[in-house]
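Each chain, letter by letter, is given below.
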Amino acid sequence: MQKYAQKVAKALKTNARACVVILSLIVMGDIIGNIVSCLISEDNLTEISAVISRFYESEHNIETDKWTLFFESLKEYTFSFVFILVCSFSVWLIPLAFVRAVYEGFCTGIASGLMVRLFGAKAFLHVGLWLMMKNLIYIPLLIFITVYSVKSAIDKHKRKNISDKNVLRIVVCEMLWVLLASTMCGVFESFVATPLILKLI
């Protein structure tokens, strides 16, 4: 266990700059999302308010069927992680991994910005709690997988000649990691974060 902890600490130290870059992209996307939320007209805001109200009603209904939410979350997280890992196939796909990081931040930013606009200062605490709980596991894993994907693409480009057997082994390992990461995020969001947040609404 101690050796594993040392390996994790070493990996974090080695890739610290890359992690900061990805985190910066997510934060940039979040800022853009907040700016866009401020530019939405009042008419569109009324329509969005109706959509959000229906969303919360559905979320409260889902509270009695957490497995439905779990499988929906599992599909969402799996798609996100697989998309990023596909970018590891070529250095030409690396920009897509960066775009995905910005997109994740944008979605969070525009959602939080709209919540604050619709519900005022009272929503600030709820939005902060929602963001913290929903992304507590997802964002660190997203950063880790993005950094891995970028470095893997660069490494493959340098080596070029990789045997089919090694490629198959790498793909299998990556898919297992995706399944594990997606399951962790889905379980946390469905059985921990969402029920806790709904109790506070």
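Residues numbered from 1 in each chain as written. Predicted model: local features only at pLDDT ≥ 70, side-chain atom pairs only at ≥ 80, totals over all residues. Heavy atoms only, no water.

### A short note on the overall build of the protein chain
For step 1, the next point in the chain: A tally of helices and strands in the protein chain yields 8 helices and 0 strands.
For step 2, the next point in the chain: In sequence order, the secondary structure elements of the protein chain are arranged as α-α-α-α-α-α-α-α.
For step 3, the next point in the chain: Of all 201 residues assigned to the protein chain, the portion counted as buried reaches 34%.
For step 4, the next point in the chain: Looking at the protein chain alone, contacts between residues at least 24 apart form 85% of all its contacts between residues at least 6 apart.
For step 5, the next point in the chain: Just so you have it, the protein chain exposes about 12,700 Å², and 70% of that area is on carbon and sulfur atoms. (Helix = DSSP H or I, 4+ residues; strand = E, 2+ residues; numbered from the N terminus. Buried < 20%, exposed > 50% of the residue type's maximum accessible area, 1.4 Å probe, protein only. Contact = heavy atoms within 4.5 Å. Areas by Shrake-Rupley, 256 points an atom, 1.4 Å probe, with all protein chains shown as cover.)

### Topic: the nonpolar core
For step 1, the next point in the chain: In this structure, I22, I26, F81 and Y138 are the most contacted members of the largest nonpolar core, which totals 19 residues.
For step 2, the next point in the chain: Looking at this core, the elements with two or more residues in it are α2 (16-39), α4 (66-86), α5 (94-119), α7 (138-159) and α8 (164-200).
For step 3, the next point in the chain: Residue contributions to this core peak at 7 residues, all from α7.
For step 4, the next point in the chain: Other than its neighbours up to four places away in sequence, I26 contacts A101, G105, I139, L142 and I143. (Core = buried A, V, L, I, M, F, W, Y, C linked by side-chain atoms within 4.5 Å.)

### With respect to a nonpolar patch on the surface
For step 1, the next point in the chain: Residues L23, V27, I31, I35 and L39 make up a contiguous nonpolar surface patch of roughly 480 Å² in combined accessible area.
For step 2, the next point in the chain: One can find L39 in helix α2.
For step 3, the next point in the chain: Classification of L39 by relative accessible area gives exposed; the value is 69%. (Patch = residues over 30% accessible without salt bridge, like charges linked within 9 Å, V, L, I, M, F, W, Y side chains within 5 Å. Salt bridge = Lys/Arg side-chain N within 4 Å of Asp/Glu carboxyl O.)

### Description of the confidence of the model for the protein chain
For step 1, the next point in the chain: Of all residues in the protein chain, 74% attain a pLDDT of 70 or more, and the chain-wide mean is 78.
For step 2, the next point in the chain: The secondary structure element of the protein chain with the lowest average pLDDT is helix α1 (residues 2-14), at 57, and the one with the highest is α2, at 91. (pLDDT = per-residue confidence, 0-100.)

### Considerations on the packing of α2 against α7
For step 1, the next point in the chain: Contact geometry of α2 with α7 gives a least axis separation of 9 Å together with a crossing angle of 120°. Taken together, the axes of α2 and α7 lie oblique to each other. In this structure, α2 meets α7 at a crossing whose hand is right-handed. Across from A18, C19, I22, L23 and I26 in α2, the residues of α7 making contact are I139, L142, I143, T146 and V147.
For step 2, the next point in the chain: For the contact of α2 with α7, the class distribution of residues is 9 nonpolar, 1 polar and no charged. (Axes fitted to C-alpha atoms, helices over the stretch in contact; angles between N-to-C directions. Parallel < 35°, antiparallel > 145°, perpendicular 65-115°, else oblique. Left-handed = near helix turned anticlockwise from the far one by under 90°. Nonpolar A, V, L, I, M, F, W, Y, C, P; charged D, E, K, R; others polar.)

### A word on the packing of aromatic side chains
For step 1, the next point in the chain: For the structure shown, the criterion picks out 5 aromatic pairs.
For step 2, the next point in the chain: Between the aromatic rings of F70 and F191, the centroid separation amounts to 6.1 Å while the plane-to-plane angle is 45°, which identifies the pairing as tilted. Of this pair, F70 sits in helix α4 while F191 is found in helix α8, placing the two residues 121 residues apart along the sequence.
For step 3, the next point in the chain: A relative accessible area of 7% places F70 in the buried class.
For step 4, the next point in the chain: Taking the centre distance of 5.7 Å and the plane angle of 45° together, the rings of F81 and Y138 count as tilted. With F81 in helix α4 and Y138 in helix α7, the pair connects residues that are 57 residues apart, well separated along the chain. For the residue pair F81 and Y138, the accessibility class agrees, reading buried in each case.
For step 5, the next point in the chain: Among the aromatic residues, ring-to-ring pairing joins F70, F71 and F191 into one connected group.
For step 6, the next point in the chain: Positioned over the ring face of F83 is R100, at 5.7 Å from the centre of the ring. (Phe/Tyr/Trp six-rings, centres within 6.5 Å; stacked < 30°, edge-to-face > 60°. Lys NZ or Arg CZ within 6 Å of the ring centre and 35° of its normal.)

### Side note on the pattern of salt bridges
For step 1, the next point in the chain: Considering all chains together, one arrives at 2 salt bridges under this definition.
For step 2, the next point in the chain: For the salt bridge of E72 with K75, the shortest nitrogen-to-oxygen distance reads 3.5 Å. Taken together, the residues E72 and K75, both in helix α4 and 3 residues apart, mark about one turn of the helix.
For step 3, the next point in the chain: Of the charged contacts in the structure, one is a salt bridge between E104 and R100, with a shortest N-O distance of 2.9 Å. With a gap of 4 residues between them, E104 and R100 both fall in helix α5, about one helical turn apart. Exposure class is identical for E104 and R100. Each is buried.

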